[in-house]
Amino acid sequence: LETLCELLRTLLNCVHVDHPPEVAAHAELAVSACIEEFEGSVPIPVLEEVLTCVGSGPVVWVTNPTFAALKKKTPGSSARKGRGEKGEKKAEEQQQIPPPQIQQTNPSYLVAAKVLRRTEDKISSPIAALLNGLLTGDPNVVERTSLSTIDAEAAALLSPKGGSGKKRRKNVEKEES
């Protein structure tokens, strides 16, 4: 099962925007075939691989190639011939620096979403059971998955720096009593 999950992770994450559409189509077919081969329920680790890609969203932030090329070129340039037209051009270039990151379509998301649509009959009940188990805190589900119902960014924003959010809630409850 671990080897199968590694294969699925590789197929889903290695699809790139620059690849021809056939690559994404073959990855979709391969992942779908793996899921369809399970008799009974699809194991949680297999569901995790697909849901992790869907959870990352349709758009991702990537390094801007224009920014990276400009950054490589800037440290090597050493035009120190006074402050004439070259100094003015350099000031203009600095004002037009591209953003360090840009948004890009997430091909892993697209492939995983197509896999979910293609295998909907086989995968919908196991996903529903997994999500219900996570939301209700079912120990059998929670201990077998690395997925979490807690939004890490929101938890970091809401919890005080010195302690956990649980301690703060208990203190508020005591004050109300």
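Residues numbered from 1 in each chain as written. Predicted model: local features only at pLDDT ≥ 70, side-chain atom pairs only at ≥ 80, totals over all residues. Heavy atoms only, no water.

Engineer: Which residues make up helix α3 (residues 44–55), and what values go with them?
Structural biologist: Along its 12 residues, α3 runs 15 Å from first to last C-alpha, staying within 8% of the 16 Å computed at 1.5 Å per residue. Turning to α3, its buried residues are Ile44, Val46, Leu47, Glu48, Glu49, Val50, Leu51 and Cys53. Turning to α3, the residues buried within the fold contact α1 (2–13), α2 (21–36), α6 (107–118) and α7 (120–136). With its phi angle positive at about 90°, Gly57 sits one or two positions after the end of α3. (Helix = DSSP H or I, 4+ residues; strand = E, 2+ residues; numbered from the N terminus. Expected span 1.5 Å × (residues − 1). Buried < 20%, exposed > 50% of the residue type's maximum accessible area, 1.4 Å probe, protein only. Contact = heavy atoms within 4.5 Å.)

Engineer: Can you break down the side chain of Ser108 residue by residue, with the values?
Structural biologist: Mapped onto the fold, Ser108 is located in helix α6. When sequence neighbours within four positions are dropped, the list of residues in contact with Ser108 reads Leu12, Asn13 and Cys53.

Engineer: Residues and numbers for the nonpolar core, please.
Structural biologist: Membership of the largest hydrophobic core comes to 25 residues, with the highest contact counts inside it found for Leu12, Val31, Ile35, Val46, Leu47, Val50 and Leu130. Elements with a contribution of two residues or more to this core: α1, α2, α3, α6 and α7. Setting aside residues up to four positions removed in sequence, Val31 forms contacts with Leu8, Leu11, Leu12, Val50 and Val115. (Core = buried A, V, L, I, M, F, W, Y, C linked by side-chain atoms within 4.5 Å.)

Engineer: Which residues make up the packing of α3 against α6, and what values go with them?
Structural biologist: In contact at an axis separation of 8 Å, α3 and α6 are set at 125° when each is read in the N-to-C sense. If you check the angle between α3 and α6, you find them oblique. Seen from above, α3 lies across α6 with left-handed handedness. Residue-level inspection shows Val50, Cys53 and Val54 of α3 in contact with α6, the latter providing Ser108, Tyr109, Ala112, Ala113 and Leu116. Class assignment for the residues of the contact of α3 with α6 results in seven nonpolar, one polar and no charged. (Axes fitted to C-alpha atoms, helices over the stretch in contact; angles between N-to-C directions. Parallel < 35°, antiparallel > 145°, perpendicular 65-115°, else oblique. Left-handed = near helix turned anticlockwise from the far one by under 90°. Nonpolar A, V, L, I, M, F, W, Y, C, P; charged D, E, K, R; others polar.)

Engineer: Now, about α1: what can you tell me, with residues and values included?
Structural biologist: An ideal rise of 1.5 Å per residue puts 16 Å on 12 residues; α1 measures up with 16 Å between its terminal C-alpha atoms. Within α1, burial applies to Cys5, Leu8 and Leu12. Summarising the axial view, the buried residues of α1 lie within an arc of 60°, below the 170-degree limit, and thus occupy one face. Close packing links the buried residues of α1 with α2, α3 and α6. (Arc of directions from axis to C-beta.)

Engineer: Before we move on, can you summarise a negative patch on the surface with the specific residues and values?
Structural biologist: Taken together, Glu36, Glu37, Glu39, Glu120 and Asp121 make up a surface patch of like negative charges. Relative to the helices and strands, Glu36 is located in helix α2. On the accessibility criterion, Glu36 (40% relative accessible area) is partly exposed. (Patch = residues over 30% accessible without salt bridge, like charges linked within 9 Å, V, L, I, M, F, W, Y side chains within 5 Å. Areas by Shrake-Rupley, 256 points an atom, 1.4 Å probe, with all protein chains shown as cover. Salt bridge = Lys/Arg side-chain N within 4 Å of Asp/Glu carboxyl O. Lys, Arg positive; Asp, Glu negative; His and termini not counted. Charge placed at Lys NZ, Arg CZ, Asp CG, Glu CD.)

Engineer: Tell me about the pattern of salt bridges, and name the residues and values.
Structural biologist: Applying the stated criterion across every chain yields a total of two salt bridges. Between Glu49 and Arg9 there is a salt bridge, with its nearest N and O atoms 3.0 Å apart. You can see Glu49 sitting in helix α3 and its partner Arg9 sitting in helix α1, a full 40 residues away along the chain. One salt bridge in this structure joins Arg118 and Glu28, with 3.1 Å as the shortest N-O distance. Taken together, the residues Arg118 in helix α6 and Glu28 in helix α2 connect sequence positions 90 residues apart. Judged by relative accessible area, which is 46%, Arg118 ranks as partly exposed.

Engineer: Please provide a residue-by-residue account of the environment of Leu29, values included.
Structural biologist: Mapped onto the fold, Leu29 is located in helix α2. With relative accessibility at 42%, the residue Leu29 sits in the partly exposed group. Spatially, the C-alpha atoms of Leu29 and Val111 are 9.4 Å apart, while their sequence positions differ by 82 residues.

Engineer: Tell me about the packing of α6 against α7, residues and numbers included.
Structural biologist: Angle between the axes and distance between the axes are the two parameters that describe a pair of packed helices. Axis separation between α6 and α7 bottoms out at 6 Å; the angle between their running directions is 100°. By the criterion of interaxial angle, the relationship of α6 to α7 is roughly perpendicular. Contact residues: α6 offers Leu116, Arg117 and Arg118, while α7 offers Glu120, Ile123 and Ile127. Taken together, the residues of the contact of α6 with α7 break down into three nonpolar, no polar and three charged.

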